[in-house]
Amino acid sequence: MGNILSGLKPEAIWKHFEEICEIPHPSKHELKMAEYVINFAKANNLEYEVDDVQNVVIRKPATPGMENRKTVILQGHLDMVPQANSDANHNFEKDPIKPRIEGEWVKATGTTLGADNGIGVATSLAILEAKDLVHGPIEALFTIDEETGMTGAFGLKPGFLKGDILMNLDSEDEGELFIGCAGGTNANITFKYNKKPAPKKHSAFKIFVKGLKGGHSGCDIHLGRANSNKLLFRFLKQGEKNLGLRLVAVEGGNLRNAIPREAYAVVMIPKENVKAFEEAIKQYEAIIKMEFAAVEPDLSIYAEKAKSPKNVFDKSTQRNLINAIFVCPNNVIRMSNDMPGLVETSTNLAIVKSDDKTKKVEIKCLLRSSVDSSKEALEQKMAALFELAGADCIFDGQYPGWKPNPSSPILTEMIDIYEKMFGKKPEIKAIHAGLECGLIGGVFPNLDMISFGPTIKFPHSPDEQCNIETVQKFWDYILETLKNVPVK
Ligand SMILES: [Zn+2]
């Protein structure tokens, strides 16, 4: 076993973290990590359970005099994101992570470090192992596969946990306490169209929308960036109405959780309107550039002559499709009343893609909300719209959100403790993206939940690094909080 980190404080965390670095544990390959924590439980005579999806819970009784306190669940995930520089030649399923100290930081060597969430896991193990702490009953929950689908959190069953308070140790900025996240739903919409022979005396063009910033469909949705699908269909709507535009093919976006940056459509324009079309697209680009000048300086919209196609969409489906996408909810739907600045509900019109072989247009959106009923209302609205347009609309992949509770008892306690220890208030935050807390709270609705951690920069990249000093602060803070957990 390595001892590169052995001088670092708190020793109890870094010792376990260095052992974790030795165990290959990319997402979907957590078996060895699960075995490691199970063997740890056995070696320390602690009760443990493993569920069907390979989540592990280890229980430690209260220290003397603390038996009447609420039970705290310490939670971290067993997997890590496997990202390596191309010259690192690293096999994440076999090779250990090689940690090193650089100034104030612990980094890996050419790969992700796995401090996300290895530090959280190591912290739970350090608390379970310690003989000199003061705390009430502890349950340490180790989930699998957080990074590629939250399979572990999805698989949790009622009864697996008995605790009252959940501390998720998977946040990445010391001094911030997270109290909410968004849930999600996938919307999958299908238009079926009939092919009609391409009209005579028409010219074909390909319209491009390019150069947009894109971004994460949750975390960046409030930034006012343009959506390439929306921009494209706004033009198609005008073109259909004013220029007799006929649709041949359309494609925009490629990831459900990314704001689409590019879109194109192949169209046919009656020959007598070609000049007007070329003029219209120039004007449209100028208008959009003006509207989005502050956020999308590099956007461009233009058309090029295209090869004449054999077929076009039937008129009625074309109209329904263009109208529906033109009207389809997109972007921020509502801001939170509980947390100023937090997006409560949003949707991203991520992908629109026609397929000439199946004669279908597939549309994919991702709806998010920290309030489950708001997300359901948005689902109903979208279903209503696409039903009117004659399309099929199927929702799947639903997972619950975590509605911020600014008067949560553990939050109140932890703000107080932080101020006393560090002389300033922690920042209270929520995130408009998925966290395991949303899923866990869905199964255990009475949990009082909070998420925090030491500072980790550039997670999910080979530059991932963990700030050493904040690990000590985080350790002191969690121990003080455990001492002060309220009576049951
Ligand atoms: Zn994580």
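None of these values were measured; they are calculated from a predicted model.

A word on the overall build of the protein. Across its full length, the protein holds 11 helices and 23 strands. Overall, the protein is about 90 × 50 × 45 Å in size when its C-alpha atoms are taken along their principal axes. Here the analysis covers contacts within the protein between residues at least 6 apart in sequence; of these, 78% occur between residues at least 24 apart. Total accessible area on the protein is roughly 21100 Å²; 51% of this is exposed by carbon and sulfur atoms.

Between any two of four tetrahedral donors, the ideal angle at the metal is 109.5 degrees; between two of six octahedral donors, it is 90 or 180 degrees. Around the zinc ion, the protein contributes the donor atoms His 77 (NE2), Asp 116 (OD), Asp 170 (OD) and Asp 170 (OD), at 1.9 to 2.6 Å from the metal centre. Its 4 donor atoms give the zinc ion angles of 52 to 143° at the centre, a pattern that matches the irregular case.

Let us look at unusual backbone geometry. With an omega of -5°, the peptide bond running from Lys 9 to Pro 10 counts as cis. With respect to the helices, strands and loops of the structure, Pro 10 is situated in the segment before helix 1 (11-22). The amide bond that connects Asp 116 to the next residue, Asn 117, takes the cis arrangement and shows omega of 10°. Tracing the backbone through its elements, the reader meets Asn 117 in helix 3 (residues 115-129).

Further remarks concern the environment of His 16. Along the chain, His 16 turns up in helix 1. A C-alpha to C-alpha distance of 5.1 Å links His 16 and Ala 122, two positions 106 residues apart in sequence.

Glancing now at the layout of surface pockets. Of the voids in this model, the largest pocket is the one considered here, and its volume is about 1000 Å³. For the largest pocket, the lining is made up of 32 residues, of which Glu 146, His 216, Ala 433, Gly 434 and Leu 435 are closest to its centre. Mapped by element, the contributors of at least two residues to the lining of the largest pocket are strand 8 (176-178), strand 18 (360-369) and strand 19 (392-399). Partitioning the lining of the largest pocket into residue classes produces 11 nonpolar, 11 polar and 10 charged. By volume, the second largest pocket is sized at about 250 Å³. Every residue lining the second largest pocket is counted, 17 residues in all, and those nearest its centre are Trp 402, Lys 403, Pro 445, Leu 447 and Met 449. Elements represented by at least two residues in the lining of the second largest pocket include exactly helix 10 (436-443) and strand 21 (448-451). Among the elements that make up the lining of the second largest pocket, the one with the highest residue count is helix 10 (4 residues).

Taken as a whole and assessed by the stated rule, the structure comprises 13 aromatic pairs. Ring geometry for Phe 191 versus Phe 386: centroids 6.1 Å apart, planes at 75°, classification edge-to-face. With a gap of 195 residues between them, Phe 191 in strand 9 (residues 183-192) and Phe 386 in helix 8 (residues 372-388) connect regions that are remote in the sequence. The exposure class of Phe 191 is buried, given its relative accessible area of 1%. Among the residues examined, Phe 386 registers a relative accessible area of 0% and is labelled buried. Ring geometry for Phe 208 and Tyr 302: centres 4.9 Å apart, planes at 15°, overall stacked. Separated by 94 residues along the polypeptide, Phe 208 in strand 11 (residues 202-210) and Tyr 302 in strand 14 (residues 300-305) bring together distant segments of the chain. Judged by its relative accessible area of 13%, Phe 208 is buried.

Attention now moves to the environment of Glu 35. Relative to the assigned elements, Glu 35 resides in helix 2 (residues 31-43). Glu 35 gets classed as partly exposed once you look at its relative accessible area, which sits at 42%. Counting along the chain gives 19 residues from Glu 35 to Gln 54, while the straight-line C-alpha distance between them is 9.8 Å.

Let's shift gears to the sheet that holds strand 22 (residues 456-457). On the basis of which strands lie adjacent, the open sheet formed by 4 strands has the order 4-5-23-22 and antiparallel pairing. Unpaired on one side and paired on the other, strand 4 (100-102) and strand 22 mark the two borders of the sheet.

Mapped onto the fold, Asn 227 is located in the loop between strand 11 and helix 5 (228-243). Here the side chain of Asn 227 touches Asn 229 through a polar contact of 2.9 Å, landing on its backbone nitrogen. Setting aside residues up to four positions removed in sequence, Asn 227 forms contacts with Leu 212, Pro 260, Asn 330, Asn 348 and Leu 349.

This part covers helix 1. Two residues of an α-helix separated by three or four positions point the same way, owing to the 3.6 residues in each turn. Look at helix 1: 17 Å from first C-alpha to last across 12 residues, which is about the 16 Å you get at 1.5 Å a residue. Buried residues of helix 1: Ile 13, Trp 14, His 16, Phe 17, Glu 18, Ile 20 and Cys 21, and no others. Each element contacted by the buried residues of helix 1 is listed here: helix 2, strand 5 (105-107), helix 3, strand 23 (465-467) and helix 11 (468-483).

Residues Trp 14, Phe 142, Met 167 and Phe 452 are the most contacted members of the largest nonpolar core, which totals 67 residues. For Trp 14, the contacting residues outside a window of four places in its chain are Leu 5, Leu 8, Lys 9, Val 106, Ile 119, Cys 466, Ile 468 and Val 471. Membership of the second largest hydrophobic core comes to 50 residues, among which are Ala 187, Leu 212, Leu 247 and Val 250.

Let's shift gears to the pairing of strand 21. Neither face of strand 21 is exposed, since Asp 448 and Ile 450 on one face and Met 449 and Ser 451 on the opposite face are all buried. By the bridge criterion, 4 bridges tie strand 7 (residues 165-168) to strand 21 in an arrangement that is parallel. Considered in strand 21, the bridge of Ile 165 is made with Asp 448.

Rules behind the numbers
- Residues numbered from 1 in each chain as written.
- Predicted model: local features only at pLDDT ≥ 70, side-chain atom pairs only at ≥ 80, totals over all residues.
- Heavy atoms only, no water.
- Helix = DSSP H or I, 4+ residues; strand = E, 2+ residues; numbered from the N terminus.
- Contact = heavy atoms within 4.5 Å.
- Areas by Shrake-Rupley, 256 points an atom, 1.4 Å probe, with all protein chains shown as cover.
- Donors = N, O, S within 2.8 Å, 3.2 Å for Na, K, Ca; no water.
- Tetrahedral: all angles 85-135°; square planar, octahedral: opposite > 155°, others 65-115°.
- 1 Å grid on protein atoms, 1.4 Å probe; cavity = no way out; pocket = protein on both sides within 12 Å on 5 of 7 lines; lining within 4 Å.
- Points joined across faces, edges and corners; volume = space filled by probe spheres on them.
- Nonpolar A, V, L, I, M, F, W, Y, C, P; charged D, E, K, R; others polar.
- Phe/Tyr/Trp six-rings, centres within 6.5 Å; stacked < 30°, edge-to-face > 60°.
- Buried < 20%, exposed > 50% of the residue type's maximum accessible area, 1.4 Å probe, protein only.
- Pairing = 2+ DSSP bridges.
- Polar contact = N/O pair within 3.5 Å; in protein donor to acceptor, adjacent residues only side chain to side chain.
- Expected span 1.5 Å × (residues − 1).
- Core = buried A, V, L, I, M, F, W, Y, C linked by side-chain atoms within 4.5 Å.

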